[in-house]
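Chains, contacts and geometry: an overview
Residue-level listing of the chains:
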Amino acid sequence: MEASTLSRIGLAGLAVMGQNLALNIAEKGFPISVYNRSTSKVDDTLQRAQDEGHLPLTGHYNPKDFILSIKKPRSVIILVKAGAPVDQTIQTLSGYMEPGDTIIDGGNEWYENTERRILEANSKGLLYLGMGVSGGEEGARNGPSLMPGGSYQAYDNIKDIVSKVAAQVEDGPCVTYIGEGGSGNFVKMVHNGIEYGDMQLISEAYDVLKNVGGLSNAELAEIFDEWNRGELESFLIEITADIFKVKDEHGDGELVDKILDKTGMKGTGKWTVQQAAELSVAAPTIAASLDCRYLSGLKDEREAASKVLEAAGLKEEVGTVRSGIDKKRLIDDVRQALYASKICSYAQGMNLLRAKSVEKNWNLNFGELARIWKGGCIIRAVFLDRIKVAYQRNPDLASLVVDPDFAKEMVQRQAAWRRVVGLAISAGISTPGMCASLAYFDTYRRARLPAESCPSSKGFVWGSYL
Ligand SMILES: *[C@@H]1O[C@H](CO)[C@@H](O)[C@H](O)[C@H]1NC(C)=O
């Protein structure tokens, strides 16, 4: 093939994420070769490239043709299921690749797998990147947040592409070189953990407003819309407002009340909590969000439990609490509780990243991480700009909670926060995320703790009296 007809980059693995990312790259003017073992996926992608504006995309039906169709030094993105399929794909493709070429894994991979593959690739003279991609199918097509880690040379080879393909915000594209080794995957993992925390806190705010405040779906939609115009402005608040407006096609009322209250989970949230324990970093809000998912999975057990406890005489306290409620004030309090809880959750995620960065010598730039999360990804939010500024002001910030601006906000909101948690507890509405964040704050801010009086293995020890 003539050099001029060669593609600038390749992408293997054409499930929805892969297809969308390939089309995004082509649309930005970078000719791309695509490949998938099953030929129908290749055909689907070619068809979409035609339909979506005759994009410069070529399909290949065998791995050799695919690799040889890419300009040297070659960069090949793979988007297949994490784990063994990544190893198989690398095995298939690397046989045709040459020293100086790069493999870029765009999946939600465990960071140690990436570190193993970096060594394997290097032994063949190949470069390697583990690149977190956030934003789902929509983001992949129109601008994701990208977190590439591994070989800097490999990043430099595709910098022009990823800078155009990523979501664009006022202070640049949502991509930066994260660091060496598996840092890109690790940062994406913690991003997902933070996302779990955000979703948990939002669902608690909803629960309190609905069940303690007695708000209707129409009122909830209006409140979340209003919140999305202020300090809480974010993708997750926006889609929450939209959920309350979706009518049930198959009956009366809104869909939100018919959705089964049972959620699943992916590996990344669990890994985040495991890593926090591993590194002795407190991440109680993220852990609470996971625990809540475990419990929500026990739908049948919970139904049985509610009957047993009712028969044993348990009375709902919600009604009594609700009767004396000032709705307007509750709404304002919940907004403040949500915001303060969120700051604590991000503080936990950032401190987990710091601990890992120290352990692995990754030299992570927290201001940059907050910046590339401002657009494209699921946790995109206006307040990430403030986190960026906080870390720019002080890269060694011990915790977001003690940044002067955030500290002021925490203090202003703590009365409202305590009222919400207190009300929820008296009403019997569980708010594990808000409670975990508040306990985190109350523990962290105290210069002196009762830890000295904890029972120790050497017997019951009363601190300084020993
Ligand atoms: C191709 O598509 C199939 C599903 O149709 C998938 O299982 C496989 O991993 C894909 N990727 C590659 C590189 O062949």
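Residues numbered from 1 in each chain as written. Predicted model: local features only at pLDDT ≥ 70, side-chain atom pairs only at ≥ 80, totals over all residues. Heavy atoms only, no water.

The name that an unreviewed UniProt entry assigns to the chain is 6-phosphogluconate dehydrogenase, decarboxylating, with the source organism given as Artemisia annua. Database annotation for the chain, UniProt heading Subunit (unreviewed entry): "Homodimer." Its UniProt record gives the chain a comment under Function (unreviewed entry), which states: "Catalyzes the oxidative decarboxylation of 6-phosphogluconate to ribulose 5-phosphate and CO(2), with concomitant reduction of NADP to NADPH." (UniProt positions renumbered as here; feature names shortened; annotations may be inferred.)

This next bit is on the nonpolar core. Residues Trp227, Leu353, Trp373, Ile387, Leu400 and Trp417 are the most contacted members of the largest nonpolar core, which totals 82 residues. Element by element, the count of residues in this core is highest for helix H15 (residues 327-360), at 13 residues. Setting aside residues no more than four positions away along its own chain, leucine 353 makes contact with Phe186, Val187, Val190, Leu364, Phe366, Leu369 and Trp373. Judged by nonpolar contacts, the second largest core, of 32 residues, contains Leu21, Ala26, Leu57 and Leu79. (Core = buried A, V, L, I, M, F, W, Y, C linked by side-chain atoms within 4.5 Å. Buried < 20%, exposed > 50% of the residue type's maximum accessible area, 1.4 Å probe, protein only. Helix = DSSP H or I, 4+ residues; strand = E, 2+ residues; numbered from the N terminus. Contact = heavy atoms within 4.5 Å.)

On to the sheet that holds strand S3 (residues 57-60), then. Spatially, the seven strands line up as an open sheet ordered S3-S2-S1-S4-S5-S6-S7, and their pairing is mixed. Each of the sheet's edge strands pairs with one partner strand only, and the pair in question is S3 and strand S7 (145-150). Adjacent strand axes in the sheet meet at a mean angle of 25 degrees when their direction is disregarded. Running at roughly 165 degrees to S3, helix H2 (residues 39-51) makes contact with strand S2 (32-35) and S3 of the sheet. Across the sheet, helix H4 (residues 84-94) is in contact with strand S1 (9-12), S2, strand S4 (75-78), strand S5 (102-105) and strand S6 (127-134); its angle to S4 comes to roughly 155 degrees. (Pairing = 2+ DSSP bridges. Axes fitted to C-alpha atoms, helices over the stretch in contact; angles between N-to-C directions.)

A word on a nonpolar patch on the surface. A surface patch of nonpolar side chains, amounting to about 310 Å² of accessible area, comprises Val308, Leu309 and Leu314. With respect to the helices, strands and loops of the structure, valine 308 is situated in helix H13 (residues 299-311). Judged by its relative accessible area of 56%, valine 308 falls in the exposed class. (Patch = residues over 30% accessible without salt bridge, like charges linked within 9 Å, V, L, I, M, F, W, Y side chains within 5 Å. Areas by Shrake-Rupley, 256 points an atom, 1.4 Å probe, with all protein chains shown as cover. Salt bridge = Lys/Arg side-chain N within 4 Å of Asp/Glu carboxyl O.)

The next subject is H4. Those residues of H4 that sit buried are Val86, Thr89, Ile90, Leu93 and Ser94. Angularly, the buried residues of H4 cover 115 degrees about the axis, an arc narrow enough to put them on a single face. Away from the buried face of H4 by more than 90 degrees, exposed residues Gln88 and Gln91 are located. (Arc of directions from axis to C-beta.)

With the rule as written, the count across this model stands at 36 salt bridges. Linking glutamate 231 and arginine 335 is a salt bridge whose minimum nitrogen-to-oxygen distance equals 3.1 Å. Of this pair, glutamate 231 sits in the loop between helix H9 (217-227) and helix H10 (235-243) while arginine 335 sits in helix H15, placing them 104 residues apart in sequence. The class for glutamate 231 is partly exposed, based on a relative accessible area of 24%. Across the pair arginine 445 and aspartate 442 runs a salt bridge whose closest N-O atoms are separated by 2.7 Å. If you follow the salt bridges from partner to partner, you end up with Asp87, Asp105, Glu109, Arg116, Arg117 and Glu120 in one network.

Taken together, Gly13, Asn36, Arg37, Ser38, Lys41 and Val80 form the complete shell of residues around the ligand. Arginine 37 is positioned with one of its backbone polar atoms (N or O) 2.8 Å from an oxygen atom of the ligand. Contact between the ligand and serine 38: an oxygen atom at 3.1 Å from a side-chain N or O atom of the residue. The site holding the ligand turns out to be the second largest pocket. Along the lines of polarity and charge, the residues of the shell around the ligand split into one nonpolar, three polar and two charged. (Near = heavy atom within 4 Å. Polar contact = N/O pair within 3.5 Å; in protein donor to acceptor, adjacent residues only side chain to side chain. 1 Å grid on protein atoms, 1.4 Å probe; cavity = no way out; pocket = protein on both sides within 12 Å on 5 of 7 lines; lining within 4 Å. Sits in = over half its atoms within 2 Å of the grid points. Nonpolar A, V, L, I, M, F, W, Y, C, P; charged D, E, K, R; others polar.)

Below, the discussion takes up the layout of surface pockets. Taken as a whole, the second largest pocket holds about 340 Å³ of empty space. Taken together, 16 residues line the second largest pocket, and the ones lying closest to its centre are Gly13, Asn36, Arg37, Val80 and Thr89. Residue contributions to the lining of the second largest pocket peak at five residues, all from H4. Taken together, the residues of the lining of the second largest pocket sort by class into eight nonpolar, six polar and two charged. (Points joined across faces, edges and corners; volume = space filled by probe spheres on them.)

Looking along a regular strand, one sees side chains alternate from face to face of the sheet. Of the two faces of S1, the one lined by Ile9 and Leu11 and the one lined by Gly10 and Ala12 are each fully buried. Here S1 pairs with S2 via four bridges, running parallel. Bridging from a neighbouring strand, glycine 10 pairs with serine 33 of S2. Two strands pair when backbone bridges link them, and S1 and S4 are joined in this way by three bridges, in the parallel orientation. Directly across from alanine 12, in S4, lies its bridge partner isoleucine 78.

Turning to helix H11 (residues 267-278), a few remarks are in order. With 12 residues, H11 should cover 16 Å at 1.5 Å per step; its first-to-last C-alpha distance of 16 Å lies within 8% of that length. By the burial criterion, the buried members of H11 are Thr268, Gly269, Thr272, Gln275 and Ala276. Looking straight down H11, one finds its buried side chains confined to an arc of 125 degrees; they lie on one side. Residues of H11 that are exposed and point over 90 degrees away from its buried face: Ala277 and Glu278. Where H11 is buried, its residues meet helix H5 (111-123), helix H8 (183-212), helix H12 (284-296) and H15. Taken from the residues just after H11, serine 280 is the one with a positive phi, measuring 55 degrees. (Expected span 1.5 Å × (residues − 1).)

The next point concerns the packing of aromatic side chains. Across all of its chains, the model carries 18 aromatic pairs by this definition. Both rings, one in tyrosine 111 and one in phenylalanine 186, keep their centres 5.4 Å apart while their planes meet at 90 degrees; by these two values the pair is edge-to-face. In this pair, tyrosine 111 sits in helix H5 while phenylalanine 186 sits in helix H8, placing the two residues 75 residues apart along the sequence. There is no split in this pair, since tyrosine 111 and phenylalanine 186 are both buried. Ring geometry for tryptophan 417 versus phenylalanine 441: centroids 5.6 Å apart, planes at 40 degrees, classification tilted. Of this pair, tryptophan 417 sits in helix H18 (residues 404-427) while phenylalanine 441 is found in helix H19 (residues 432-444), placing the two residues 24 residues apart along the sequence. The burial state of tryptophan 417 is the same as that of phenylalanine 441; both residues are buried. Site record: aromatic cluster; members linked through ring pairs are Trp110, Tyr111, Phe186, Trp271 and Trp362. Here the guanidinium or amino end of arginine 293 rests over the ring plane of tyrosine 196, the centre of that ring lying 3.9 Å away. (Phe/Tyr/Trp six-rings, centres within 6.5 Å; stacked < 30°, edge-to-face > 60°. Lys NZ or Arg CZ within 6 Å of the ring centre and 35° of its normal.)

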